[in-house]
Every structure is written in structure tokens, then in C-alpha cells.
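Coordinates in review
One-letter residues, chain by chain:
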Amino acid sequence: MPLYDFACPACGARFEDMAASDETARPCPDCGSPAKRTLSVGRSYRADAPWIESVTAVAEKDSGKPHVEAFLAAPSRATYRDWMRGEGIRPQEPGENRRPTPDAAPLRQAVLERFHARRGLV
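It should be emphasised that the depicted structure is a prediction, and the values quoted were computed from it without experimental measurement. (Residues numbered from 1 in each chain as written. Predicted model: local features only at pLDDT ≥ 70, side-chain atom pairs only at ≥ 80, totals over all residues. Heavy atoms only, no water.)

Let's talk about the environment of L112
Locating L112 in the fold gives a position in helix α4 (residues 104-119). Measuring from C-alpha to C-alpha, the distance between L112 and R99 comes to 26 Å, with 13 residues separating the pair along the chain. (Helix = DSSP H or I, 4+ residues; strand = E, 2+ residues; numbered from the N terminus.)

Spelled out as C-alpha cells, the structure:
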């Protein structure tokens, strides 16, 4: 049986309980009146970008800086930008950190010389 979220309209209590998939009401543990099943998205759902969780793992948790504390308390794109600005870092731009392509002219010349030497065209 899956775990569902329920809300009691009488007392306002919210609780989780195992129920059949077609069961829409459960008795409230606080007041006993029928509580309605609510729609929940689960603990793994994140409305914002999923990579933010990996960024919070590398943020310095005991720094005491306000931008770090704000980011760790409510990780979002906005607090991420503030955190980066506060730490003095910026996102990597497209094309940045690419290895320079080697100059192919000397290699081409060496291959051509070996080709001519093998064919006796030198």
C-alpha cells in the first residue's frame, strides 16, 4: 500500500497514512472526523533545477556569511546567483575552458613528407 497525504477539514491536521489507491478519506488521528486525501508530489520533487542540490553540498555551511545562509536556507536560482556574487565567482560561459586546437600545419607537413619518402617522390 502506498503512503498518501491527508488533510482534515475539521481540525486542520495534516498527516501521512498508508491507504489503498482508491481510498479518498481516512479518519483523522486527532479528532476522528474524515480527512480527505490530498495531492502530494513526494520528497524527491524539486520545482527548481535539480543541480542546485549538488551546489548546496559544496557551499561552506559554517561560514556565517548572510548570502551563504540565505542560499542554504532556501536554495533557488535567485539565492544561487546571490551566493555566487557574494563568493566572487561567476558561471562558466559557453566556449570557455576549451583546449586550444593544435596547429595542424606541422603535422600535415610531416605526414606528407613521410608519404613522399615511402613512394620515392623526394
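Brief notes about the packing of helix α2 (residues 66-73) against helix α3 (residues 77-87)
Across the interface, α2 lies against α3 with an axial gap of 9 Å and an inter-helix angle of 155°. Judged by the angle between their axes, α2 and α3 are roughly antiparallel. The two elements α2 and α3 cross, and the hand of that crossing is left-handed. Taken together, the residues of α3 that come into contact with α2 (itself represented by H67, V68, A70 and F71) are T79, Y80, D82, W83, G86 and E87. Classifying every residue of the contact of α2 with α3 gives five nonpolar, three polar and two charged. (Axes fitted to C-alpha atoms, helices over the stretch in contact; angles between N-to-C directions. Parallel < 35°, antiparallel > 145°, perpendicular 65-115°, else oblique. Left-handed = near helix turned anticlockwise from the far one by under 90°. Contact = heavy atoms within 4.5 Å. Nonpolar A, V, L, I, M, F, W, Y, C, P; charged D, E, K, R; others polar.)

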